[in-house]
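One-letter residues, chain by chain:
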Amino acid sequence: MPVTNRNAPAASTAKTATAGPAPRATYRHGDLRRALLDAGVELARQGGPDAVVLREATRRAGVAPNAAYRHFANRDDLLAAVRAAAVAAAAHFMEAELAQVPTTGTRTEQAHAKVRAVGAGYMRFAHAETGLFRTAFGGRFTVQTHPDPAMGGATGLNPFQHLSAALDDLVTAGALPPERRPGAEYLAWSTVHGMALLSIDGPLRGTPQPLLDGLGQRLLDMVERGI
């Protein structure tokens, strides 16, 4: 009668655990598209848009590379979805600043505070999530006639819509002449974006954060006076 090796299953299990789980050809639990997108967002967070690679996203999701093509046609398709998520993250930063705007004061004061909150949220996003900032606004972000809902924050508004709404409030409050309203988004956006780039990739890189914060506030003063 053959002797059964009772230790064989344990040894096999230990070997498997050491080698790590093999990539799955299919994703049986949860949402594979979401898992791939989450992996892509984390890659962007760590290394910007160039780090978003479809094969690495599938490896992190624990699936075979071919499984990704059911959800993303190619690397550019995944990057577009990651970019939308990064833009939405910027909107969340703006919403966090807007939530702190006091409900007291005149309509003009509140309108100015909202413009400043949008700008402050944008710069804070650039410093806190530099990889996502580069992914969101360093490539093919466009102001769309029909905005992508995936780019919206908790309110459903994307960063450009938040800025537009804040400027509209200035007009309603009588703080911005209606004839100066058209195109004001681009002037304000380019100014704040320029400061953000200087501080993360330009000559202001490495400047102590308190000094950058002070410069940011002075920049927002300039934006308010200039639009």
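Refer to the structure presented above.
The structure reproduced in this document is the subject of the present report. (Residues numbered from 1 in each chain as written. Predicted model: local features only at pLDDT ≥ 70, side-chain atom pairs only at ≥ 80, totals over all residues. Heavy atoms only, no water.)

1. A short note on the side chain of Glu129
Along the chain, Glu129 falls in the loop between α5 (107-128) and α6 (130-137). Residue Glu129 is classed as buried on the basis of its relative accessible area, which comes to 18%. (Helix = DSSP H or I, 4+ residues; strand = E, 2+ residues; numbered from the N terminus. Buried < 20%, exposed > 50% of the residue type's maximum accessible area, 1.4 Å probe, protein only.)

2. Topic: the side chain of Arg116
Note on placement: Arg116 falls in helix α5. Of note is the side chain of Arg116, whose polar atom sits 2.6 Å from the side chain of Gln217. Excluding its chain neighbours within four sequence positions, the residues that come into contact with Arg116 are Gln217, Leu220, Asp221 and Glu224. (Polar contact = N/O pair within 3.5 Å; in protein donor to acceptor, adjacent residues only side chain to side chain. Contact = heavy atoms within 4.5 Å.)

3. Topic: the pattern of salt bridges
On inspection of all chains with the given rule, the structure shows 13 salt bridges. For the salt bridge of Arg45 with Glu129, the shortest nitrogen-to-oxygen distance reads 3.0 Å. Of this pair, Arg45 sits in helix α2 (residues 32-47) while Glu129 is found in the loop between α5 and α6, placing the two residues 84 residues apart along the sequence. Owing to a relative accessible area of 33%, Arg45 belongs among the partly exposed residues under this scheme. Asp201 is paired through a salt bridge with Arg134; the nearest N and O atoms lie 2.4 Å apart. Residue Asp201 is found in the loop between α8 (184-200) and α9 (209-226), and its partner Arg134 is found in helix α6; the two are separated by 67 residues along the sequence. A relative accessible area of 43% places Asp201 in the partly exposed class. Each of Glu42, Arg45 and Glu129 takes part in salt bridges that share partners, so that together they form one network. (Salt bridge = Lys/Arg side-chain N within 4 Å of Asp/Glu carboxyl O.)

4. Some words on the environment of Thr58
Looking at the secondary structure, you find Thr58 in helix α3 (residues 54-61). For Thr58, a relative accessible area of 1% puts it in the buried group. In this structure, the C-alpha to C-alpha distance between Thr58 and Leu36, residues 22 residues apart in sequence, is 6.3 Å. Beyond its immediate sequence surroundings of up to four residues, Thr58 is in contact with Leu36, Val63, Ala64, Pro65 and Ala68. Within the structure, Thr58 has its side chain in polar contact with the backbone oxygen of Arg55 (distance 2.6 Å).

5. Digging into helix α7 (residues 159-172)
Counted at 1.5 Å a residue, the expected span for α7 with its 14 residues is 20 Å, and the 20 Å between its end C-alpha atoms agrees. Taken residue by residue, α7 has Pro159, Phe160, His162, Leu163, Ser164, Ala166, Leu167 and Leu170 as its buried positions. Residues of α7 that are buried in the fold lie against α4 (75-98), α5, α6 and α8. The residue sitting at the N-terminus of α7 and contributing the capping side-chain oxygen is Asn158; that oxygen lies 3.0 Å from the backbone nitrogen of Phe160. (Expected span 1.5 Å × (residues − 1).)

6. Overview of empty space enclosed by the protein
All told, the structure shown has one cavity of 30 Å³ or more when counted by the stated rule. Approximately 130 Å³ is the volume found for the largest cavity. What lines the largest cavity is a set of 13 residues, and nearest its centre among them are Met94, Val118, Gly119, Leu163 and Trp189. In terms of residue count, the dominant contributor to the lining of the largest cavity is α5 (four residues). Tallied by class, the residues present in the lining of the largest cavity amount to 12 nonpolar, one polar and no charged. (1 Å grid on protein atoms, 1.4 Å probe; cavity = no way out; pocket = protein on both sides within 12 Å on 5 of 7 lines; lining within 4 Å. Points joined across faces, edges and corners; volume = space filled by probe spheres on them. Nonpolar A, V, L, I, M, F, W, Y, C, P; charged D, E, K, R; others polar.)

7. Describing α3
Turning to α3, its buried residues are Leu54, Ala57, Thr58 and Ala61. All buried residues of α3 lie within an arc of 100 degrees about the axis, which places them on one face of the element. Facing away from the buried surface of α3 by more than 90 degrees, the exposed residues are Arg55 and Arg59. In this fold, the buried residues of α3 make contact with α2 and α4. Following α3 by one or two positions, Gly62 has its phi on the positive side, about 80 degrees. (Arc of directions from axis to C-beta.)

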